[in-house]
Amino acid sequence: MAEERDAAETLAERPELASALESVRPVDDDAETWTFEDVPIDSGTFGELVSADLVEKVDGEYRLPDATRRALDGETDDSTAEQDGAGLNLSLPAFDVDRRAAGALAGALAVVVLFRTVFSYGAVFRDGAVVLSGNDPYAYRYVVENLLAAGKGVDAALLNELGMANGEPFMVATLYWLSDLFGGTASAVGTVMAWYPVASALLTGLLLYVIAVRLTDDRRIGLAAVVFLATTPAHAIRTSLGFPDHHAFDYPWLALTALALIVLATWDERAYRDPGAWVAGLGLGVGVAGQILAWENGPALVVPVALVVALAVLLDVDADRSPLQSNAPLLGGLALAALVVHFVHGEMGWHTDFVAAIPLLLVAGTTGVLVIGEAVHRLDLPTLAMAGAEVVGAVAAVFLIPAVFESFWERAGQRADRFFATRNIVETQPLISGDFTWFLLLGLVLVLAIPPLIWASRRATDGSKPWLVAVVYTWYFLALAAVQVRFVGELAAFTALFGGLGFVWLAHWVDLAAIPRPFADEQATPNRGPGADDSAADGGTATLRVPTTREAGLLVALFLLVGGVGVLQTPIKTSQITIEDGAYQSAAAVDDHATAANLSYPENYVLSEWGRNRMYNYFVNGESRSYGYAREQYRTLSTSVDESQWYRSHRNRVGYVVTESVRNSNASAQSLFTRLHDGFGSRQSPVDGLAHFRAIYAADDGDYKAFRLVPGATITGTGPANATATLSQSVDVPGASFTYERQVRTNAAGEYAVTVPYPGEYTLWNETVSVSERNVTAGQRVG
């Protein structure tokens, strides 16, 4: 028994070796002895098994000793363990934690955090302020701060008034609760919103690791998937520090839902009697409810659940399993999601009736499919009958729903039209285009993922329900992203999953790693029938070992070969959404100027390019709820040449104007935009100077300039008849010094009148006129 205790102690100390032995066991079962080439493990692990006497050598070949087999089965002699206390064990349960695997996972997750923070930290935290990236985050910031200021919690009426009850209410509520937890101040709101995308990426990476290991029983694939997710630009920019858009909030719910479905897929007809399956069903309910409540278009992200149910029932019928018994916990989870969504909708007013009805329809559809599947199973009808029933049911639903629920169907059509509408916004453009968008957002990971995805699709058609879940989610989001690039972030987690599998296979192909566990299992059991379970029931995983220095270097080189595009593109893409220094400094300058002038909203409203408008107005006046006015009116600066008419149209709505050269390079020389941005509103032959725009700031690089809209002081006087003279004033503003000039012409009576936006002394025909600040801001006449 000493040998058995030695084997048991070795496996207790080195649990990763038990996994390797389980890989060897099927080969040992089929032959009395075997060679190293017959088993699916790498040479380093094999050497450790031999040196630990867990594998014995016989006539030049190998076999598993009986002691090793009994140790694997847990059959050890515990007689020597009884010491003082007559064998009574009062110790706490031991937790089997593979420190090497835990350390590797921590390292992979650290890469996720690194790629989400290092490229944007300096742009987000500066001058004591939290400068969120992008435009939409400032709308969420506005709503959360207003909820905190009201002091009524997540008040349904206020949330509706702020326009978020039918948008992203769950995300806003979560940000509110977290901000309140950390002090409830504006500073707390900014900090929470800056870091929440990073937390989302971290949680998504952890869930992705669990998904990968659950599917493949190979920790290496899980680690590779997490690192690929870390360096996928499409996901990195959506979850970067300081970019609290709603997409980041969607990703963990999506991963949780997929994981729950994969776990549920590993059970057979015993699922309805297994508490573990019902726990997974609970996870599914939480995931689906969170997905629906998080975003008004959340229902689009749970469509894969319906597809998985329809296809899984086909596999159940084909494998002669009871669909009802196999999928009862799944149905329970969806029912829980429907109850939660319905309750929240009724009690808090979140979302429209249309959105709240989606999980109810999902439950009804799932119930119908399971009942029909059960009937087909009990009547022993062919699988083709089930497929036909599903097709007929889907077609009937298409015709029945519009007839019975006319208003619902109409709203569904309207929502679909808005959902798939192509607008002049980057996220609504297709992924596959002539400018290689897919390559810049996903890199070669997409290429690396396609062969394993096709392999997994074949496994799914052969009866593997866990792989079915993974391929349905991947193909679905690949199709959505092909239509609109906004869904490439959802796709990224699944391309990382299959990219991880492809990477380990590629490492095996160049002799740097053992064959991936799924491929090894397929080779070891080539004749597995439909319905076979691909995930290890005991949760074992392929062993992890520390690579040699040479192997580590080659693995890094191999990763850079296939993932280098992501490594290079992530900082580039992240910098494109962070607020440029010139833009932020312009906002700060406008804020300082408005504060000194004691202006309040709407007197200090900032008109700018719409993609930064919420940011400008948040820092100047706090009103960052909408950018609609800027989106419609800013372009008029580039199309209008009549300053007087433009001023009369906007003077009661606009206080400041910020021009950005990089976004308006095609404006004509006579346009207001060009005259402002290129000449600070001063005369530039052949165009005249401007009267109502007063420069207050210019960025060092000249890309951003800020102007205050003022009535201007009108200088009047007399001079020679029909004469022309030049009026000028030296102007110094932060970032620039220039001479403001206007050309003045008298009429036949020698009279003239000219409006200027700057105070100071002006000389015309030997006459000097002093213009005060009050003259300019009150629109007074001076002469």
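Can you explain the overall build of the chain? Please cite residues and give values.
Each helix and strand in the chain was counted, giving 32 helices and 15 strands. For the chain, with 783 residues in total, the buried portion stands at 53%. Contacts spanning at least 24 positions in sequence make up 73% of the contacts within the chain whose residues lie at least 6 apart. Accessible surface, the chain: about 34000 Å² in total, of which carbon and sulfur atoms supply 56%.

Explain the packing of aromatic side chains to me, and be specific about the residues and the numbers.
A full pass over the atoms with the stated rule returns 34 aromatic pairs. Measuring from ring centre to ring centre gives 5.6 Å for Phe170 and Trp253, while their planes differ by 35 degrees; the resulting arrangement is tilted. Of this pair, Phe170 sits in helix α9 (residues 169-181) while Trp253 is found in helix α13 (residues 246-265), placing the two residues 83 residues apart along the sequence. We classify Trp253 as buried; its relative accessible area is 18%. Pairing Phe680 with Phe738 gives two aromatic rings, centres 4.3 Å apart and planes at 10 degrees, and the pair type is stacked. Linking Phe680 in the loop between α31 (672-677) and β7 (693-698) with Phe738 in strand β11 (residues 736-745), this pair joins segments that are 58 residues apart in sequence. Among the aromatic side chains, those forming a connected cluster through ring pairs are Phe170, Tyr196, Phe249, Trp253 and Trp350. The cationic tip of Arg653 hangs over the ring face of Tyr605; the distance from NZ or CZ to the ring centre is 4.3 Å.

Run through the side chain of Glu490, naming residues and quoting values.
Turning to its location among the elements, Glu490 is positioned in helix α23 (residues 488-509). Despite being buried, Glu490 has no salt bridge partner; Arg238 is the closest side chain of opposite charge, sitting 6.7 Å away. Residues within four places of Glu490 in sequence aside, it is in contact with His247, Asp250, Tyr251, Leu254, Leu301 and Phe477.

I'd like a rundown of a nonpolar patch on the surface, residues and numbers included.
A cluster of nonpolar side chains, namely Leu114, Val118 and Phe119, defines an oily patch on the protein surface of about 250 Å² accessible area. When you line up the elements, Leu114 lands in helix α5 (residues 99-117).

So what about the pairing of strand β10 (residues 724-733)? Which residues, and what values?
Burial along β10 is one-sided: Ala725, Leu727, Gln729, Val731 and Val733 are buried, while Thr724, Thr726, Ser728, Ser730 and Asp732, pointing the other way, are not. Judged from the 10 bridges that link them, β10 and β11 form a sheet pairing that is antiparallel. Bridge pairing in β11 links Val733 to Ala736. Count of turn residues in the β10/β11 antiparallel hairpin: 2 residues, of which Gly735 carries a positive phi of about 100 degrees.

Break down the environment of Arg459 for me, with residues and values.
Relative to the assigned elements, Arg459 resides in helix α21 (residues 445-461). Sequence spacing of Arg459 and Val471 is 12 residues, and the spatial spacing of their C-alpha atoms is 9.7 Å.

Tell me about the packing of helix α14 (residues 275-294) against helix α16 (residues 323-348), residues and numbers included.
Following both chains from N to C, one finds α14 and α16 inclined at 35 degrees, their axes separated by 7 Å at the closest point. Handedness of the α14/α16 crossing: right-handed. For the pair α14 and α16, the contacting residues are Ala277, Trp278, Gly281, Leu282, Leu284, Gly285, Val288, Ala289, Ile292 and Leu293 in the first and Ala328, Pro329, Leu330, Gly332, Gly333, Leu334, Leu336, Ala337, Val340, Val341 and Val344 in the second.

Explain the nonpolar core to me, using residue names and the numbers behind them.
Across soluble globular proteins, nonpolar side chains show a tendency to be buried alongside one another. Core analysis: the largest hydrophobic core is formed by 166 residues, its most contacted members being Leu431, Tyr473, Phe477, Phe498 and Phe619. Apart from the residues lying within four places of it in its own chain, the contact partners of Leu431 are Thr437, Trp438, Leu441, Leu442, Ala481, Ala482, Val485, Val488 and Leu491.

Help me get a handle on the pairing of strand β6 (residues 656-660), residues and values and all.
Of all 5 residues that make up β6, 5 are buried, and the element is covered over most of its length. Pairing between β6 and strand β8 (residues 704-709): 5 bridges, direction antiparallel. Within β8, the position partnered with Thr659 by the bridge is Lys705.

Break down the packing of helix α15 (residues 303-318) against α16 for me, with residues and values.
Where α15 contacts α16, the axes come no closer than 10 Å and their chain directions differ by 165 degrees. Taken together, α15 and α16 sit at an angle that is classed as roughly antiparallel. Once α15 is placed against α16, the crossing between them reads as right-handed. In contact with Val305, Val309, Val313, Asp316 and Val317 of α15, α16 contributes Pro323, Ser326, Asn327, Leu330 and Leu334. For the contact of α15 with α16, the per-class residue count stands at 7 nonpolar, 2 polar and 1 charged.

Residue-level account of the sheet that holds strand β5 (residues 606-607), with values.
Pairing is mixed across the open sheet formed by 4 strands, whose spatial order is β5-β6-β8-β7. Lying at the two open borders of the sheet, with one neighbouring strand each, are β5 and β7. Of the pairings in the sheet, the one linking β7 to β8 comprises 5 bridges and is antiparallel in character. Of the residues in β8, the one forming a bridge with Tyr697 is Ala706.

I'd like a description of the environment of Glu643, backed by residues and values.
Relative to the assigned elements, Glu643 resides in helix α30 (residues 643-650). As a C-alpha pair, Glu643 and Leu690 span 47 residues in sequence and 7.0 Å in three-dimensional space. If near-sequence neighbours (up to four positions away) are discounted, Glu643 is found in contact with Leu672, Gly689, Leu690, Ala691, His692 and Phe693.

I'd like a description of α9, backed by residues and values.
With 13 residues, α9 ought to run about 18 Å at 1.5 Å a step, and its terminal C-alpha atoms sit 18 Å apart, in line with that. Restricting attention to buried positions, one finds in α9 the residues Pro169, Phe170, Met171, Val172, Ala173, Thr174, Leu175, Tyr176 and Ser179. Packed against the buried residues of α9 are α7 (137-150), α8 (156-161), α10 (186-216), α13 and α14. Directly beyond the C-terminal end of α9, a positive phi value near 125 degrees is found at Gly183.

Requested: an account of the confidence of the model for the chain, with residues and values cited.
In the predicted model, the chain carries a mean pLDDT of 86, and the fraction of residues at 70 or more is 87%. The weakest mean pLDDT in the chain belongs to helix α19 (residues 406-419) at 59; the strongest belongs to β5 at 97. Here residues 77-95 is a poorly scored stretch, pLDDT under 50, and it has 4 contacts once near neighbours within four places are set aside; other chains count.

Can you break down the side chain of Asn617 residue by residue, with the values?
Assignment of secondary structure puts Asn617 in helix α27 (residues 610-620). Filtering out sequence-adjacent residues up to four positions away, Asn617 remains in contact with Asn604, Tyr605, Val606, Gly622 and Glu623.

Can you explain the pattern of salt bridges? Please cite residues and give values.
One pass over the full model with this rule turns up 17 salt bridges. Three or more residues are tied together by salt bridges with common partners; here these are Asp316, Arg321 and Lys465.

Could you give an account of α7, with specific residues and numbers?
If you check α7, its first and last C-alpha atoms are 20 Å apart, about what 14 residues at 1.5 Å a residue would give, namely 20 Å. For α7, a buried count of 10 out of 14 residues is recorded, marking the element as mostly surrounded by other parts of the structure. In the stretch just after α7, Gly151 is the one whose phi turns positive, near 70 degrees.

Could you give me a rundown of the sheet that holds strand β12 (residues 751-756), with the residues and numbers involved?
Taken in spatial order, the 3 strands of this open sheet run β12-β9-β15, and their pairing is mixed. Both edges of this open sheet fall to β12 and β15 (781-782), since each of them pairs with a single strand only. As defined by bridge partners, strand β9 (residues 713-718) adjoins β15 across 2 bridges and the pair is classed as parallel. Paired with Thr714 across the two strands is Arg781, which belongs to β15.

Hey, could you go over unusual backbone geometry for me, with residue numbers and the actual values?
With an omega dihedral of 10 degrees, the bond running from Tyr601 to Pro602 counts as a cis peptide bond. Structurally, Pro602 is set in the loop between α26 (581-596) and β5. If you check the backbone angles, Asp127 has positive phi at about 55 degrees while not being a glycine. Residue position: Asp127 is located in the loop between β3 (125-126) and β4 (129-130). Since its relative accessible area comes to 62%, Asp127 is described here as exposed. Residue Asp380 is not a glycine yet carries a positive backbone phi of 60 degrees. Positionally, Asp380 belongs in the loop between α17 (353-378) and α18 (383-404).

Reading guide: rules and limits
- Residues numbered from 1 in each chain as written.
- Predicted model: local features only at pLDDT ≥ 70, side-chain atom pairs only at ≥ 80, totals over all residues.
- Heavy atoms only, no water.
- Helix = DSSP H or I, 4+ residues; strand = E, 2+ residues; numbered from the N terminus.
- Buried < 20%, exposed > 50% of the residue type's maximum accessible area, 1.4 Å probe, protein only.
- Contact = heavy atoms within 4.5 Å.
- Areas by Shrake-Rupley, 256 points an atom, 1.4 Å probe, with all protein chains shown as cover.
- Phe/Tyr/Trp six-rings, centres within 6.5 Å; stacked < 30°, edge-to-face > 60°.
- Lys NZ or Arg CZ within 6 Å of the ring centre and 35° of its normal.
- Lys, Arg positive; Asp, Glu negative; His and termini not counted.
- Salt bridge = Lys/Arg side-chain N within 4 Å of Asp/Glu carboxyl O.
- Patch = residues over 30% accessible without salt bridge, like charges linked within 9 Å, V, L, I, M, F, W, Y side chains within 5 Å.
- Pairing = 2+ DSSP bridges.
- Axes fitted to C-alpha atoms, helices over the stretch in contact; angles between N-to-C directions.
- Left-handed = near helix turned anticlockwise from the far one by under 90°.
- Core = buried A, V, L, I, M, F, W, Y, C linked by side-chain atoms within 4.5 Å.
- Parallel < 35°, antiparallel > 145°, perpendicular 65-115°, else oblique.
- Nonpolar A, V, L, I, M, F, W, Y, C, P; charged D, E, K, R; others polar.
- Expected span 1.5 Å × (residues − 1).
- pLDDT = per-residue confidence, 0-100.

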